[in-house]
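Given next are the chains, with one letter for each unit.
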Amino acid sequence: MNRIFSGIQPTGNLHLGNYLGAMVNWIKLQDTHECIYCVVDLHAITVPINVWGGPEVLRQSTREVTAAFIASGIDPKKHIVFNQSQVAAHAELAWVFNCVARLGWLNRMTQFKEKAGKDRENASIGLYDYPVLMAADILTYRATHVPVGEDQKQHLELCRDIAQKFNNDFSESISAGGYGEGFFPLTEPIIQGPATRVMSLRDGTKKMSKSDASDNSRINLTDDADTIAQKIRRAKTDPEPLPSEEAGLEARPEADNLIGIYAALIDKPKSDVLREFGGGQFSTFKTALSDLSVAKLSPIAAEMKRLTQDPLYIDAILADGAARAEAIAGETINAVKDIVGFIRR
Ligand code: ATP
Ligand code: MG
């Protein structure tokens, strides 16, 4: 059986990178797979409290991300939408995985290095342990596939390493328990589409991020038409006209990024976009990109606004999703307890 799991942190504003890199694929996968989509609030608090915003902001962001899922076309009745902290199994399994994962594996994780920056001694243990919790999120549901942006590739490799080591360490217990060769699947990432790594509008070598201090670096799903137009107008470019062939985008990260965003939004290859805009100035293309972005994002923003006005409705969706997630998670955690040798009721 194929099962999808993926999550987004309720920190800061959801942006075009989250939408194109992850959510667009989430929506498509609903037709063919059983999907579990999670607002990963336990992950959100790994950064300093002034960054995630404190309790009131966390509640608000959790509801806003949930609203974004639904507004973009995720069906919370057919599939599962919930916030991570409502299912204790994630944290429980993360502890077991903490004892499976090796320090050397985590020391290689580039996201930690980037997020901790120079002040590594002052980073939270949670930020360091983030990929282990992420492996627990995925494997709590024994998910086979995880649709994510390119930046999460390394964490998915770690998830497979953890699953493999667990399966090896406990192989006898796993087969004695009737679980066959391996208990956990070796989960594959789904990194696809023309925008697996949307870059910052201010710096074509840095990924667009919720946590970037500059709001001008990203297009938020909730930005209004004027803000979107202004951010795109100010987006960094180079002085050359746009190329007509894809090869001409090499070594031009900003041009490549903007063309990639347009292509992803209109669901066509970059070559088609270059056929239309190649040889022209950035200013003409930027106007077209603004119009397209507004046309695609404003219905989502309007629906998000409508949904967030009814927090009780959102909370009910999360509660219902959490109850259904818990039923699956409970089976995994009970099996893990038996496999590891924990006595349970
Ligand atoms: P933060 O900076 O706080 O880590 P983020 O923007 O990276 O925020 P996450 O919640 O960490 O957002 O990631 C949610 C999903 O969005 C993941 O699947 C991730 O791979 C994807 N994603 C994030 N940024 C981009 C991007 N710039 N391009 C494509 N996908 C992205
Ligand atoms: Mg991230």
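Please refer to the structure higher up on the page.
First, a word on scope: everything that follows refers to the structure included in this document. (Residues numbered from 1 in each chain as written. Chains lettered and ligands numbered in written order. Predicted model: local features only at pLDDT ≥ 70, side-chain atom pairs only at ≥ 80, totals over all residues. Heavy atoms only, no water.)

1. Describing the site of ligand 1
(1) Moving on: If you check the shell around ligand 1, you find 23 residues, and the closest are H15, K115, D151, K210 and S211.
(2) Moving on: Within the backbone of V198, an N or O atom sits 2.7 Å from a nitrogen atom of ligand 1.
(3) Moving on: Within the complex, the protein chains bury 97% of what would otherwise be the 600 Å² of accessible surface of ligand 1.
(4) Moving on: Contributing elements (two or more residues each) for the shell around ligand 1: β1 (3-8) and α1 (16-29).
(5) Moving on: Its residues assigned to classes, the shell around ligand 1 comprises six nonpolar, twelve polar and five charged. (Near = heavy atom within 4 Å. Polar contact = N/O pair within 3.5 Å; in protein donor to acceptor, adjacent residues only side chain to side chain. Areas by Shrake-Rupley, 256 points an atom, 1.4 Å probe, with all protein chains shown as cover. Helix = DSSP H or I, 4+ residues; strand = E, 2+ residues; numbered from the N terminus. Nonpolar A, V, L, I, M, F, W, Y, C, P; charged D, E, K, R; others polar.)

2. Thoughts on helix α12 (residues 253-266)
Residues spaced three or four apart along an α-helix point in a common direction, a consequence of the helix completing one turn every 3.6 residues.
(1) Moving on: With 14 residues, α12 extends 20 Å from end C-alpha to end C-alpha; this agrees with the ideal 20 Å at 1.5 Å per step.
(2) Moving on: Counting buried positions along α12 gives eleven out of 14 residues, so the element sits mostly inside the fold.
(3) Moving on: Where α12 is concerned, the buried positions are E254, A255, N257, L258, I259, G260, I261, Y262, A263, A264 and L265.
(4) Moving on: Tucked inside the fold, the buried residues of α12 contact α1, α13 (270-277) and α14 (282-308).
(5) Moving on: Trailing α12 by a residue or two, D267 shows a phi angle of about 60 degrees, which is positive. (Expected span 1.5 Å × (residues − 1). Buried < 20%, exposed > 50% of the residue type's maximum accessible area, 1.4 Å probe, protein only. Contact = heavy atoms within 4.5 Å.)

3. Observations concerning the pattern of salt bridges
Note on pairing: side chains with opposite charge can pair once their charged atoms come close.
(1) Moving on: Evaluation of the coordinates by the stated rule reveals 18 salt bridges.
(2) Moving on: R218 is paired through a salt bridge with D215; the nearest N and O atoms lie 3.4 Å apart.
(3) Moving on: Residue class for R218 comes out buried when judged on its relative accessible area of 6%.
(4) Moving on: One salt bridge connects D256 with K270, and the closest N-O pair in it is separated by 2.8 Å. With D256 in helix α12 and K270 in helix α13, this pair connects stretches of sequence that are 14 residues apart.
(5) Moving on: By relative accessible area, which is 27% here, D256 ends up partly exposed.
(6) Moving on: One continuous salt-bridge network, built from bridges that share partners, spans D215, R218, D223 and K231. (Salt bridge = Lys/Arg side-chain N within 4 Å of Asp/Glu carboxyl O.)

4. A few points about the packing of aromatic side chains
(1) Moving on: For the structure on display, the rule yields 14 aromatic pairs.
(2) Moving on: With 4.9 Å between their ring centres and 70 degrees between their planes, W26 and F69 make a pair best called edge-to-face. Of this pair, W26 sits in helix α1 while F69 sits in helix α4 (residues 55-72), placing them 43 residues apart in sequence.
(3) Moving on: For W26, a relative accessible area of 0% corresponds to the buried category.
(4) Moving on: With a relative accessible area of 0%, F69 lands in the buried category. (Phe/Tyr/Trp six-rings, centres within 6.5 Å; stacked < 30°, edge-to-face > 60°.)

5. Overview of the environment of V294
(1) Moving on: Relative to the elements of secondary structure, V294 occurs in helix α14.
(2) Moving on: Beyond its immediate chain neighbours, meaning those up to four positions away, V294 contacts A225, I228 and P299.

6. Observations concerning the pairing of strand β3 (residues 80-83)
(1) Moving on: Along β3, one buried face is formed by I80 and F82 and the opposite face, lined by V81 and N83, is buried too.
(2) Moving on: Where strand β2 (residues 34-39) meets β3, four bridges bridge the pair, whose relative direction is parallel. For V39, the partnering residue across the bridge sits in β3 and is N83. (Pairing = 2+ DSSP bridges.)

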